[in-house]
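# Breakdown of the fold
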Amino acid sequence: MTLLCHGQALSQDQVVAAIYETMIRPEQFDRFMSGAQDGPGTPAAGGMPQGRRPVLQAHFARAAEIQEQQWQRAGRPHPGAYSGSCSRFWLLAEARPDGGLLNASQRAARQLTGNGPLPSALGLTQAAAELWQSYLEDVRCGAFSWRDVLLLASRTPGERFLCRPVRLSGPDASVAVMAERLDGVQTAEAAVPVAAALGLQEADFAPLKDTAHSPGGKVDGRLEQAAGQAGAPGPAELIRLAVFLMNEHSRDLAISRGEVLPPSGTYEDSSGQRSQCFRLGAETGQPVIFVHGMLDGIAPLQRLQPQLRNLGFRVYAPMRRGYGGSVPLKRGEDPAEAFVQQLIALMAHENLQRPVLLCHRGGALYGFIAASRLDSRIAGLVAAASNCAISSPRQFSGLSGYAWLVALAATRANWMLPVLMKGWAAALRWYGHKMLLHIQTRSGSKERARLSQLDLLQLLQQSQALFQEQGGAGFMADVQMLRQGNRTGIPARMPRSVFVHGGEDHVAPLSAVREMLNGLPDARLCISQEAGALLFYHFPELVLTALQDLTSASDG
């Protein structure tokens, strides 16, 4: 699975975005102050050596230009006078033994109320507090370099402070010390790909790792040299960038394993109905709306979070009505129409321009209808292992146990569904959450054998919690939607579409998909003879490749 392996690496686009994020910050306006590099400890003539990463070096330079423009538009404030809103934690202290507070971000100011000493308010360890006091005295006496960078340990695990000297204004002005809080624990799992993306080795980040096990102190020449190799202006810029990328990558891995849910928010449609939407992938890039299936929600996509960011897909995963925090449908409300209104509201709320719809299993029918209704507002549709209609109980011969009983009730005994839903959670507790996928495979099949090798427990537990949050109301609405799939029919007019399907899918046979696509000239069918109903789990690279191809074709 090539893309899964590559997903653990960082793309250049991800690194470049992080450079602009960590460079263009008002608390760093001091780099434009007159005489900021004069005085004690001025670097030798010639400045930084040419980096081995000229592309990154160029982006650092461009970020500095943009920041200088912002500084000029803001009236050229010096750090002691800047008072803009900021979600980060930083403060500016006077270079004297008691380190009086000169300025602070709003976040820091809330924590620094009272008259206690700054080291205590910052939560520095005792040894780190002594280093802080000693450095303030060094700066007051002029015994410092403008390129000094200190990393100080905190009593809070995973937290440290980056400290550096700052000129307040003018060549004769006094010097203060800036302290910026860095959050995140450095792990080899995150450090190795970040170092590789910057053209470095994990060992180059040793000064960062050392502060987790020591009071801290001035970073040595190794980090100065590493900054030059990576194209960064100095060690402070390299530290900010590396910590930001490590935190981002660690969060992506935690999301992909189901240790945490992706970030989510809520929005309302035109009738005031609230919907929950999860955000995955990158912060910028091609917008994608994920239309989830019935049983496993966002789990198959969530496990691909690192790959989605790497490939530059900005993914929105709205929960259909009755799932997660999305309010259930009202009696008699059409689930397809309600979903279309959800998408219209989401696109307006997030200002999405021509997103791609990525549909999984039973979500494909919703995607077809929405794509037909929204037409040119949608760039295209990718359907993974689509399952669009329950036409006969025989269609579910590939299912087993409780799932077969639910499918039978959907086709022949609709009144039984609420009763069956009450026993669903108990069945999962008894058989385990992997049963959600196990029931879609045949006994003795290669697909079932491959399933046993995947660690999906936490992901499926999260998805099932979302499934049960509204008492299974979303699932029952979906069953009804699939039941009437044949009567609803596939719209005659569809945007460019790619269907990725498995030859071993016994729940939604390939023959039925071929028949469904007859008469859709803009639809392309991609087949993996080895894949079955769990194609999105076992062969995710096929889905991501289809998404890339459709996006490229739409751009062209």
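Before reading further, recall that the structure is shown in the block above.
Just so we're clear, the structure is a prediction, and the values are computed from it rather than from any experiment.

Turning our eyes to something else, we now look at helix α13 (residues 335–350). An α-helical turn contains 3.6 residues, so any two residues separated by three or four positions project in the same direction. For α13, which comprises 16 residues, the first-to-last C-alpha distance of 22 Å matches the rise-based estimate of 22 Å (1.5 Å per residue) to within 8%. Along α13, the residues that are buried comprise P335, A336, A338, F339, V340, Q342, L343, A345, L346 and M347. Of the residues trailing α13, N351 is marked for its positive phi of about 55 degrees.

Here we come to the sheet that holds strand β8 (residues 274–281). As summarised here, the arrangement of the 8 strands in space is β7-β8-β10-β9-β11-β12-β13-β14, forming an open sheet in which the pairing is mixed. Every interior strand has two partners, whereas the edge strands, β7 (264–268) and β14 (523–528), have only one. Between one strand and the next, the sheet's axes are offset by a mean angle of 25 degrees, whatever the strand orientation. As defined by bridge partners, β8 adjoins strand β10 (residues 313–318) across 5 bridges and the pair is classed as antiparallel. Residue pairing for β10: F278 is matched across the bridge by A317. Seen against the sheet, helix α22 (residues 510–517) touches β13 (497–502) and β14 and runs at an angle of roughly 170 degrees to β14.

The next thing to look at is the side chain of Q342. Mapped onto the fold, Q342 is located in helix α13. Given a relative accessible area of 1%, Q342 falls into the buried group. Engagement of the side chain of Q342 in a polar contact is seen with the side chain of S275, the distance being 2.8 Å. Within the local environment of Q342, its side chain forms a polar contact with the backbone oxygen of M319, the two atoms lying 2.8 Å apart. Residues in contact with Q342, not counting those within four places in the same chain, are Y267, S275, M319, R320, R321 and S326.

The next thing to look at is the pairing of strand β9 (residues 286–291). Looking along a regular strand, one sees the side chains alternate between the two faces of the sheet. The element β9 is largely enclosed, with a buried count of 6 among its 6 residues. Residues Q286, V288 and F290 of β9 are buried on one face, and the alternating residues P287, I289 and V291, pointing to the opposite face, are buried as well. The sheet contact formed by β9 and β10 spans 4 bridges and is parallel. Residue pairing across strands places P287 opposite R314, the latter belonging to β10.

Let us now look at unusual backbone geometry. Of note, D375 is a non-glycine position whose phi angle comes to about 50 degrees, a positive value. Within the secondary structure, D375 sits in the loop between α14 (363–374) and β12 (380–384). Of note in this structure, A385 is not a glycine but carries a positive phi near 50 degrees. Position of A385 among the secondary structure elements: in the loop between β12 and α15 (401–412).

So, on to the pairing of strand β1 (residues 90–94). Of all 5 residues in β1, 4 are buried, a share of seventy percent or more. Here β1 pairs with strand β5 (residues 175–183) via 5 bridges, running antiparallel. Paired with L92 across the bridge in β5 is M178. Relative to strand β2 (residues 101–104), β1 runs antiparallel, the two sharing 3 bridges. Across the sheet, A93 pairs through a bridge with L101, a residue of β2. The turn linking β1 back onto β2 is made up of 6 residues, and G99 within it adopts a positive phi angle of 55 degrees.

About the cut-offs
Starting from 1, residues in each chain are numbered consecutively following that chain's sequence as written. Totals for whole chains, interfaces and linings use all residues, but because this is a predicted model, local features are given only for residues with pLDDT of at least 70 and pairs of side-chain atoms are given and counted only at 80 or more. Excluded from the side-chain calculation are hydrogens and water; included are all heavy atoms of the structure. Starting at the N terminus, helices and strands are each numbered in turn, a helix being any DSSP run of H or I of at least four residues and a strand any DSSP run of E of at least two. One less than the residue count of a helix, multiplied by 1.5 Å, gives the span that helix is expected to have. Partly exposed describes any residue whose relative accessible area lies between the buried limit of under 20% and the exposed limit of over 50%, with all areas from a 1.4 Å probe on protein chains only and scaled to the type maximum. Any two strands are treated as partners once DSSP identifies two or more bridges connecting them. A fitted line through C-alpha atoms serves as each axis, taken over the contacting stretch for helices, and the angle formed by two N-to-C directions is quoted from 0 to 180°. Between two residues, a contact is recorded if the distance between any of their heavy atoms is within 4.5 Å. N or O atoms closer than or at 3.5 Å make up a polar contact, with two conditions inside protein: a donor-capable atom paired with an acceptor-capable one, and, for residues adjacent in sequence, both atoms drawn from side chains.

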